[in-house]
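Observations on the three-dimensional arrangement
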Amino acid sequence: MMRLPHFKYHAPTTVREVADLLAAPGDAMLVAGGTDLLPNMKRRQQVPQTLIGLRRVAELRAIESTAIECSAGLSGPRELTIGAGVTLTEIVRDRRVRDSYGALWQAASSVATPHLRNMGTLGGNLCLDTRCNYYDQNYEWRKAIDFCMKKDGKICWVATGSPKCLAVSSTDTAPALLALGASVTLVSADGTRQVAASDLYQHDGIHYLTRRPDEILTAVHIPPMDGWRSVYWKLRRRGSFDFPVLSVAAAAKFADDGTVEAARIILGAVASRPIDASAAATAIIGQRLTDDVIAHAAERAAQPAKPMDNTDFDLTWRKRVMKDVVTYALRELRGDDVREWRRKISKQML
Ligand SMILES: Cc1cc2nc3c(=O)[nH]c(=O)nc-3n(C[C@H](O)[C@H](O)[C@H](O)COP(=O)(O)OP(=O)(O)OC[C@H]3O[C@@H](n4cnc5c(N)ncnc54)[C@H](O)[C@@H]3O)c2cc1C
Ligand code: SF4
């Protein structure tokens, strides 16, 4: 049995207290649902001496819809703010999310299992550690290969000449939130800043977040999505639960005649951060989503995807099916009945 290492535990009740605890010298880490961090600690991938629990911080637990201020008063379109401590189950059960933010709803529904979604939070999902076949192993396994650059070692076993770790961003909700144009609030003892969700991530398997170690992610803000539709597709080994090995979040704003006015297409699990397939999004703007337009966009979306051989499934197969997954996502956006393709992807029949 793998045991947790010893650690000190704090259970603050306000964001201010959390920020003060994080500002103190040391290697303290935040723990929300603990569904990622605690297994990592058991495998000695992460070994903080101090954990700061977020479960008692009530200000992180709300989902609120607020009207955007406009010249005519407060009757403008509504932004959705989701506290970082809201669980994935609570997100899946929220009608506003299901009705207006389809990509987030589908992404949150597809994370892990019901038990893990009951514990796992949105903040924890966005800050989820990057993954790699050479890293997500127990201590003895990693020791047997002399560890790797991400923890305790010097070399990257995926690309031995690589100066940086190429572990894979495996969060389901991040691509969805990037496609929805979301932003996040980060709070520290020094103050508060709001950054675009896309700026929260960077191309580095070790330092995959731009969040500073003394910052707590408190909330996610999703702008009004009137006229938009959004979807999330995920390829994984087991259809019932598993991390993504390739995912696509797509969002588009449609004019009354079906022309795409604005769009975002984001690829997940193909790099150390979610990838913005902007050339593919550009290819559908100003167009109706005909089969030809979708095929052209899928071709362009696959280009920036450079998956490495460090997750499940054969690398060349994953590269090849990227176009298929983008195609399905765009067909769902245009309103096709995609139940059969959803069934096929859950069984990897691509
Ligand atoms: C068997 C299994 C299957 C899984 N499958 C999936 C899957 O399919 N898709 C998927 O996306 N995930 C999956 N996960 C990972 C995990 O369950 C989810 O990502 C979950 O949402 C993590 O949330 P948490 O609250 O438990 O995070 P925690 O484990 O508490 O924290 C994760 C990380 O986020 C940091 N953190 C947490 N909250 C904050 C905050 N507010 N501000 C700053 N940093 C913070 C922590 O310090 C830690 O580094 C799986 C896990 C397991 C064990
Ligand atoms: S990509 Fe390389 S350095 Fe990063 S976890 Fe995998 S083997 Fe280690």
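Described in the following lines is the structure provided in the data block.

Rules and cut-offs
Residues numbered from 1 in each chain as written. Chains lettered and ligands numbered in written order. Predicted model: local features only at pLDDT ≥ 70, side-chain atom pairs only at ≥ 80, totals over all residues. Heavy atoms only, no water. Near = heavy atom within 4 Å. Polar contact = N/O pair within 3.5 Å; in protein donor to acceptor, adjacent residues only side chain to side chain. Helix = DSSP H or I, 4+ residues; strand = E, 2+ residues; numbered from the N terminus. Nonpolar A, V, L, I, M, F, W, Y, C, P; charged D, E, K, R; others polar. Phe/Tyr/Trp six-rings, centres within 6.5 Å; stacked < 30°, edge-to-face > 60°. Buried < 20%, exposed > 50% of the residue type's maximum accessible area, 1.4 Å probe, protein only. Lys NZ or Arg CZ within 6 Å of the ring centre and 35° of its normal. Salt bridge = Lys/Arg side-chain N within 4 Å of Asp/Glu carboxyl O. Contact = heavy atoms within 4.5 Å. Pairing = 2+ DSSP bridges. Axes fitted to C-alpha atoms, helices over the stretch in contact; angles between N-to-C directions.

The environment of ligand 1 is formed by 33 residues, the closest being Leu 30, Thr 35, Thr 121, Asp 172 and Asp 242. Gly 33 has a polar backbone atom sitting 2.8 Å from an oxygen atom of ligand 1. For ligand 1, an oxygen atom lies 2.7 Å from a polar atom in the side chain of Asn 125. If you list the elements that add at least two residues to the shell around ligand 1, you get β2 (29–31), α7 (122–126) and β8 (216–222). Among the residues forming the shell around ligand 1, the class breakdown is 17 nonpolar, 11 polar and five charged.

Moving on, we come to the packing of aromatic side chains. Per the counting criterion, the structure on display carries five aromatic pairs. The interplanar angle of 45° and the centroid separation of 5.5 Å between the aromatic rings of Trp 233 and Tyr 328 together place this pair among those described as tilted. Here Trp 233, found in strand β9 (residues 228–235), pairs with Tyr 328, found in helix α12 (residues 315–334); they are 95 residues apart in sequence, far enough to count as distant. In terms of burial, Trp 233 and Tyr 328 fall into one category: buried. Here the aromatic cluster, defined as three or more aromatic residues joined through ring pairs, consists of Trp 233, Tyr 328 and Trp 341. Sitting over the face of the ring of Phe 241, Arg 238 holds its NZ or CZ atom 4.4 Å from the ring centroid. Here the guanidinium or amino end of Arg 342 rests over the ring plane of Trp 233, the centre of that ring lying 3.9 Å away.

The subject of this paragraph is the site of ligand 2. Ligand 2 sits among 13 residues. The nearest are Cys 132, Cys 148, Cys 156, Cys 165 and Leu 166. The class makeup of the residues in the shell around ligand 2 is 11 nonpolar, one polar and one charged.

Moving on to the pattern of salt bridges. Taken as a whole and assessed by the stated rule, the structure comprises 23 salt bridges. Its salt-bridge partner being Arg 334, residue Asp 291 comes within 2.8 Å of it at the nearest N-O pair. With Asp 291 in helix α11 (residues 291–302) and Arg 334 in helix α12, this pair connects stretches of sequence that are 43 residues apart. Its relative accessible area of 42% is what places Asp 291 among the partly exposed residues. When its relative accessible area of 27% is taken as the criterion, Arg 334 is described as partly exposed. Each of Arg 193, Arg 212, Asp 214 and Glu 215 takes part in one network of salt bridges that share partners.

The residue Gly 286 is located in the loop between α10 (278–284) and α11 in this model. For the pair Gly 286 and Ala 263, spaced 23 residues apart in the sequence, the C-alpha separation amounts to 9.8 Å. Residue contacts for Gly 286: discarding those within four places in its chain leaves Thr 259 and Val 260.

With that settled, the discussion passes to the sheet that holds strand β7 (residues 191–196). What holds strands together in a sheet is hydrogen bonding between their backbones, with the strands either parallel or antiparallel. Taking strand neighbours across the sheet as the criterion, the five strands line up as β4-β5-β8-β6-β7 in an open arrangement whose pairing is antiparallel. Since the sheet does not close on itself, it has two edges, and those belong to β4 (63–67) and β7, each with one partner. Taking the axes of each pair of neighbouring strands and ignoring which way they run, one obtains an average angle of 25° across the sheet. Looking at chain direction, β4 and strand β5 (residues 78–83) are connected through five bridges and run antiparallel. Its bridge partner lying in β5, Thr 66 is registered against Glu 79. The sheet strands contacting helix α1 (residues 15–23) are β6 (183–188) and β8, and the helix crosses β8 at an angle near 130°.

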